Every structure is written in C-alpha cells, then in structure tokens.
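# Topology and contacts: notes
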Amino acid sequence: MSNGVLVDISKCIGCRSCQTACRTWNDLPVKTSQNTNQWDVPVELDADTWTRVSCYLAGEGNERRWRFVKRQCMHCNEPACESACFTHSFLKTEEGPVIYKPTELNKDYCVGCRYCMIACPFNVPKFQYEKTFPYVQKCRFCYDRLLENERPACITACPTGALKYGDRQTLLAEARQRINSNSNYVKHIYGEKEYGGTSWMYISDVPFEQLGFKTSVSEKSIPSYTWQALKWTPYIFAGWGAMLTAMRFFTKPKEEGHNEAEMYAPVDPKE
Ligand code: SF4
Ligand code: SF4
C-alpha cells in the first residue's frame, strides 16, 4: 500500500507547528534569520529546513485572502531524483516515502554529484555546502515513524486538520468528494497527476498558480522522458575514467621509465 498526505490549503492557518515538529523530530538545528519583512522564515528550503510554510495574498478584489502553503519533498510516484542518481542513493519505498539511502541505510552511497538537485522538478534536495563530508538533505516523510505505525511528525502537530495522512487512493477519493461537494474549492487535486503523480497532494480554494505552484506541467514523470539518456550515466563515468587512464598511459613522460644504473653511472671524461 502506498501512502500519502492530503493538504487542504483552505484549512491551514499558517501556525507553522508542522515546521517546528519536523525540526524537533529530525533534530535539525534552529536557524537565526534576518528581518527581511517577509512572513516566510526561512525563505527557502535548505539542508536544515526540510519543510516550510509560505504565505500568499491570493484572490481578487474583495475576495483577497491570506493563504499558507506547506512545502516539502512531494515524494513523487516516479521520482526524478532517484532516476538521476547513478549511485542509487534514493529509493521510492513501497510505503510511499522517497528516502535517501546514505542517511537511512548506508553512508557510502552518495558521491555529492548533485544530479538529484538538478533533476527534481520541485527544487527540493539541498546540499550541505558547509560540511566537510556533505550529503544531500530533504524530507524523508518520517520513514522511521511510518515503520513504527506512527504518522509523520508534521501531521500529528497540525491543529486544524489541514494535513491528512493515509492510503493515497483513499485520500484521492476523499479529495474528490471534498472538492465536488463544496463550490469554494478549485476543481483540481494538485499532485494527482503532476509529473506522474506524487504522494503529497493538495486541494485549495484559490487557484494554484496564485500560490506558487507550477501549473500546466506534464502528467508524464520526468524519468519517463530521461531514462533513455540517464541509463548511460554509469557507463559514461566508467568510460571517462578508462579514457583518462589511457591518456595517462600514452602521454606519460619517457623519463619516468628511467634506468637507475644508467642515470647514476660515473661520467666517462673521454666521451
Ligand atoms: S519532489 Fe524532488 S526530491 Fe522529492 S521525490 Fe520528487 S524528485 Fe525526488
Ligand atoms: S501545522 Fe497545519 S495549520 Fe499549522 S502551518 Fe502546518 S499545515 Fe498549516
């Protein structure tokens, strides 16, 4: 069974309890920030901020209203990060989360190439630039909690029911029922089909394009476009190494193959 989360943007009050719960459960450092006159703190996801709530003034005329959107990894059904990584550091689990194996299972996988960051259509993975031995960081959907039959930390912290965790198909049915029974909702479930579908899905009472969502995107997953090219990545790396070795062999300076006896033989003055 693949699980997901339904985010009802009309129910979010922007309290940021989910943001704090994520930081607490994952033992992420508290950040100090500059006063930028922006509500959003921090203004972007980063290696120590795996979820954040953005604020928007959306709607038209008298219908204008503040809306808040929780952001994190979308846990795509067919993740671009997973297909871009030639060391297979990412894994889409049966339960739904896309986990990063160097953290959960084995720290030796990731080589820091950051292809996953380029590939992700939602700009989610972040690199630990300031660390001596850096890794990529992102929301893990509290995979450790799910294995213990606990809900993700952010879900348990939400006081308004804006976040609902459960079986993805059941959540989709509930989302359809909610948007069809209330005319205030936009008739769209974001994440049902975008980029092949995602485990995190959103419904809203204001248009998604006014809330910073990428709309008019493909319903095909990124890997379905790129796997033909990406499957050659390991061979390109292996071939590149072999080519450099061959170049080194053919361009090696001749004196490296010197004969010690000749070099240090006494000089014959008659020569
Ligand atoms: S949102 Fe980005 S990081 Fe998350 S699963 Fe999808 S491609 Fe990977
Ligand atoms: S805890 Fe719930 S209501 Fe508060 S910001 Fe997060 S999603 Fe919104």
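Everything below is about the structure printed above this text.
In short, a report on the structure. (Residues numbered from 1 in each chain as written. Chains lettered and ligands numbered in written order. Predicted model: local features only at pLDDT ≥ 70, side-chain atom pairs only at ≥ 80, totals over all residues. Heavy atoms only, no water.)

Counting its regular elements, the protein contains 10 helices and nine strands. Buried positions account for 42% of the 271 residues belonging to the protein. A separation threshold of at least 6 residues defines the contact pool for the protein, and within that pool the share at least 24 residues apart is 57%. Carbon together with sulfur atoms contributes 54% to the accessible area of the protein, which is approximately 15800 Å² in total. (Helix = DSSP H or I, 4+ residues; strand = E, 2+ residues; numbered from the N terminus. Buried < 20%, exposed > 50% of the residue type's maximum accessible area, 1.4 Å probe, protein only. Contact = heavy atoms within 4.5 Å. Areas by Shrake-Rupley, 256 points an atom, 1.4 Å probe, with all protein chains shown as cover.)

This brings us to the nonpolar core. Counting 35 residues, the largest nonpolar core has Ile9, Phe122, Leu163, Trp200, Tyr202 and Phe213 as the members making the most contacts within it. Put simply, the parts of the chain that give this core at least two residues each are strand 1 (3–8), helix 1 (17–25), strand 2 (52–58), strand 3 (65–71), helix 6 (153–157) and strand 9 (200–203). No other element matches strand 2, which puts three residues into this core. Formed by 10 residues, the second largest nonpolar core is a distinct cluster that contains Cys81, Phe127, Tyr135 and Val136. (Core = buried A, V, L, I, M, F, W, Y, C linked by side-chain atoms within 4.5 Å.)

The subject of this paragraph is the sheet that holds strand 8 (residues 163–167). Taking strand neighbours across the sheet as the criterion, the three strands line up as 8-1-9 in an open arrangement whose pairing is mixed. One side of each edge strand has no neighbouring strand; the edge strands of this open sheet are strand 8 and strand 9. Adjacent strand axes in the sheet meet at a mean angle of 25° when their direction is disregarded. Of the pairings in the sheet, the one linking strand 1 to strand 9 comprises four bridges and is parallel in character. Following the sheet pairing, Val5 is matched in strand 9 by Trp200. Together, strand 1, strand 8 and strand 9 form the strand contacts of helix 7 (residues 168–181), whose direction differs from that of strand 8 by roughly 130°. (Pairing = 2+ DSSP bridges. Axes fitted to C-alpha atoms, helices over the stretch in contact; angles between N-to-C directions.)

This brings us to the environment of Val53. Among the structural elements, Val53 can be located in strand 2. Since its relative accessible area comes to 1%, Val53 is described here as buried. Put simply, Val53 and Cys15 are 38 residues apart on the chain and 8.7 Å apart in space, counted from C-alpha to C-alpha.

Now for the site of ligand 2. Near ligand 2 the following residues occur: Cys12, Ile13, Gly14, Cys15, Arg16, Ser17, Cys18, Val53, Cys158, Pro159, Thr160 and Leu163. Among the residues forming the shell around ligand 2, the class breakdown is eight nonpolar, three polar and one charged. (Near = heavy atom within 4 Å. Nonpolar A, V, L, I, M, F, W, Y, C, P; charged D, E, K, R; others polar.)

Below, the discussion takes up the side chain of Thr87. Tracing the sequence through the fold places Thr87 in the loop between helix 2 (80–84) and strand 4 (90–92). By relative accessible area, which is 18% here, Thr87 ends up buried. Engagement of the side chain of Thr87 in a polar contact is seen with the side chain of Ser89, the distance being 3.0 Å. Leaving out residues up to four positions away in the same chain, Thr87 has contacts with Tyr109, Cys110 and Val111. (Polar contact = N/O pair within 3.5 Å; in protein donor to acceptor, adjacent residues only side chain to side chain.)

Glancing now at the packing of aromatic side chains. Scanning the model with the defined rule gives 10 aromatic pairs in all. Ring geometry for Phe86 and Tyr115: centres 6.2 Å apart, planes at 55°, overall tilted. With Phe86 in the loop between helix 2 and strand 4 and Tyr115 in helix 4 (residues 115–119), the pair connects residues that are 29 residues apart, well separated along the chain. A centroid spacing of 5.4 Å and a plane angle of 90° characterise the contact between Phe122 and Tyr195, whose relative ring orientation is edge-to-face. With Phe122 in the loop between helix 4 and strand 6 (126–127) and Tyr195 in the loop between helix 7 and strand 9, this residue pair connects regions lying 73 residues apart in the sequence. Relative accessible area serves as the criterion here: at 10%, Tyr195 is assigned to the buried category. (Phe/Tyr/Trp six-rings, centres within 6.5 Å; stacked < 30°, edge-to-face > 60°.)

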